[in-house]
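Structural characterization, general
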Amino acid sequence: GELDKFVPYFARKPLNFDGEISLMKHRMGICSHRGLKPDYPNQDDFFALSRADSMLFGVLDGHGPDGHDVSHWVQERLPTLIMERLREAPNDWDKSVTTS
């Protein structure tokens, strides 16, 4: 068989979370399974933004040879951009998300 050069199929993945998880009224669960191709890592990433009145979940499903790099790049940058926009316009989720 081919040598699997990436982490196990159910390895832990970090979660970008902005907010106080202990103050959340709801809970979330996340499960991500790497595909069966031995030459590809798990290409899925995700993030959660929490505010007093709402939450935003990002689910990033990478594809292709660079899918894991693209989904990870978005996971690291998009939540920060959205939060920067929300600081400028605290009550405008729609604008903050679409301009990010």
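It should be noted that the structure appears before, not after, this text.
Scope of this entry: the structure provided in the associated data block. (Residues numbered from 1 in each chain as written. Predicted model: local features only at pLDDT ≥ 70, side-chain atom pairs only at ≥ 80, totals over all residues. Heavy atoms only, no water.)

Counting its secondary structure elements, the protein chain contains two helices and three strands. The helix and strand sequence of the protein chain, counted from the amino end, reads β-β-β-α-α. Looking at the 100 residues of the protein chain, the share that counts as buried comes to 26%. Taking as baseline every contact in the protein chain between residues at least 6 positions apart, the subset at least 24 positions apart corresponds to 53%. Carbon and sulfur atoms make up 56% of the accessible area of the protein chain, which totals about 7,200 Å². (Helix = DSSP H or I, 4+ residues; strand = E, 2+ residues; numbered from the N terminus. Buried < 20%, exposed > 50% of the residue type's maximum accessible area, 1.4 Å probe, protein only. Contact = heavy atoms within 4.5 Å. Areas by Shrake-Rupley, 256 points an atom, 1.4 Å probe, with all protein chains shown as cover.)

Glancing now at the environment of T98. For T98, the location among the structural elements is in helix α2 (residues 93–98). Taking relative accessible area as the criterion, T98 reaches 66% and is therefore assigned exposed. Residues T98 and I82 lie 16 residues apart in sequence; the distance between their C-alpha atoms is 8.7 Å. Of the polar contacts made by the side chain of T98, one reaches the backbone oxygen of D94; its length is 2.9 Å. (Polar contact = N/O pair within 3.5 Å; in protein donor to acceptor, adjacent residues only side chain to side chain.)

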